[in-house]
Amino acid sequence: MATTRGIRNNNPGNLDRGAPWQGLVDNPAEPRFCTFKDATWGIRALAVTLITYHDKRKARDGSPIDTVREVIERWAPPHENDTEAYINAVAKAVGVSSEMIVDLHDYSTLRPLVEAIIRHENGKGPLKTANSWYSVEAIDEGLRRAGVVRVVKAVKAVPVTKESAGATITAGIGVAQLVDVAPQITHAMDKAQDNISSGDTIRIVFGIATVAIAVFIAWSQVRKHQKGIA
């Protein structure tokens, strides 16, 4: 599959030469556009450019650049792009209207914005990712180098109360009873080919009942805790 200039140059945003970007390499055959040593540096440069628009540049009306329309009008001016089509494609990919205020420091906004720009600049690539050229890991690494990472939600710890501790202990007792009774049940069942005596039957029933009661108590305590009763 033929690759575009942006992909060949590891510069998926087709950034012009000029800024002293990290990861640049000399490429005499490319007088206008930057060439990076790998794609993650090019993705980083793209992300940093967008963040710089958001933080330091102004839209045509003097307001901060904080909508998809204002970002793309700055990124792809009409004199060399179909800017309106570009805006619509990117807004759809990000999942917002073109006039909605967005935070380009937010991973969930910046990531689809970067991927949509890569797709628009370079056409359809061979992958099934949103940008169609780079893996999820490559995009994430480029964003990480730009200072934007996915926020991982911490799992909320279950507070330890007398009831939750009791449920844990009760469940533990049930397991212990199961371990204790299991050999007896196994021995009794091994004798089933001949006859199961009344004593064996009692041991089997008692063992099963003990485990069932322990599990039920533990489950009840957990349910109370979940409902806020305890």
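**Student:** Sorry, what's going on with the overall build of the chain here?
**Tutor:** The number of helices and strands found in the chain is eight helices and zero strands. Order of helices (α) and strands (β) in the chain, N terminus to C terminus: α-α-α-α-α-α-α-α. Looking at the 230 residues of the chain, the share that counts as buried comes to 40%. Sequence-distant contacts in the chain: of pairs separated by 6 or more residues, those separated by 24 or more amount to 53%. For the chain, the exposed area adds up to about 13,800 Å²; of that, 59% sits on carbon and sulfur atoms.

**Student:** What exactly am I supposed to notice about the nonpolar core here?
**Tutor:** Counting residues in hydrophobic clusters, the biggest one holds 44 residues, and the most contacted among them are Leu50, Ile72, Trp75, Val90, Val114, Ile117 and Tyr134. Counting residues per element, the ones that place at least two in this core are α2 (39-56), α3 (68-75), α4 (83-94), α5 (107-122) and α6 (136-145). In terms of residue count, the dominant contributor to this core is α2 (ten residues). With residues near it in sequence (within four places) discarded, tryptophan 75 still touches Gly13, Leu15, Leu46, Thr49, Leu50, Tyr53, Tyr86, Ile117 and Glu121.

**Student:** I'm lost on the environment of valine 114 in this one. Help?
**Tutor:** In this fold, valine 114 is placed in helix α5. Sequence separation between valine 114 and glycine 13 is 101 residues; the distance between their C-alpha atoms is 8.5 Å. If near-sequence neighbours (up to four positions away) are discounted, valine 114 is found in contact with Ile43, Leu46, Ala47, Leu50 and Leu143.

**Student:** Could you clarify how one ought to interpret the environment of alanine 130 in this entry?
**Tutor:** In this structure, alanine 130 sits in the loop between α5 and α6. Distance in space between the C-alpha atoms of alanine 130 and alanine 116 is 7.3 Å, their sequence separation being 14 residues. Apart from residues lying up to four places away in sequence, alanine 130 is in contact with Glu115 and Arg119.

**Student:** Explain the side chain of asparagine 10 to me, please; I cannot follow it from the model alone.
**Tutor:** Among the structural elements, asparagine 10 can be located in the loop between α1 (5-8) and α2. Residue classification places asparagine 10 among the buried residues on the basis of a relative accessible area of 19%. For asparagine 10, the side chain forms a polar contact with the main-chain oxygen of phenylalanine 36, separated by 2.9 Å. Not counting chain neighbours up to four residues away, the residues in contact with asparagine 10 comprise Phe36, Lys37, Asp38, Ala39 and Gly42.

**Student:** For this particular structure, what's the right way to read the pattern of salt bridges?
**Tutor:** When the charged atoms of two side chains lie near each other, side chains of opposite charge can form a pair. Considering all chains together, one arrives at twelve salt bridges under this definition. A salt bridge links arginine 145 to aspartate 38; its shortest N-O distance comes to 3.9 Å. Taken as a pair, arginine 145 in helix α6 and aspartate 38 in the loop between α1 and α2 lie far apart in primary sequence, 107 residues in all. When the shortest N-O distance is used, the salt bridge between arginine 150 and aspartate 140 registers 3.5 Å. One end of the pair, arginine 150, is in the loop between α6 and α7 (162-190); the other, aspartate 140, is in helix α6, with ten residues separating them in the sequence. Among the residues examined, aspartate 140 registers a relative accessible area of 22% and is labelled partly exposed. One salt-bridge network, in which partners are shared between bridges, spans Arg60, Arg69, Glu73, Glu84 and Glu99.

Procedures and definitions
Residues numbered from 1 in each chain as written. Predicted model: local features only at pLDDT ≥ 70, side-chain atom pairs only at ≥ 80, totals over all residues. Heavy atoms only, no water. Helix = DSSP H or I, 4+ residues; strand = E, 2+ residues; numbered from the N terminus. Buried < 20%, exposed > 50% of the residue type's maximum accessible area, 1.4 Å probe, protein only. Contact = heavy atoms within 4.5 Å. Areas by Shrake-Rupley, 256 points an atom, 1.4 Å probe, with all protein chains shown as cover. Core = buried A, V, L, I, M, F, W, Y, C linked by side-chain atoms within 4.5 Å. Polar contact = N/O pair within 3.5 Å; in protein donor to acceptor, adjacent residues only side chain to side chain. Salt bridge = Lys/Arg side-chain N within 4 Å of Asp/Glu carboxyl O.

Limitation: the analysis is restricted to geometry and does not speak to function.
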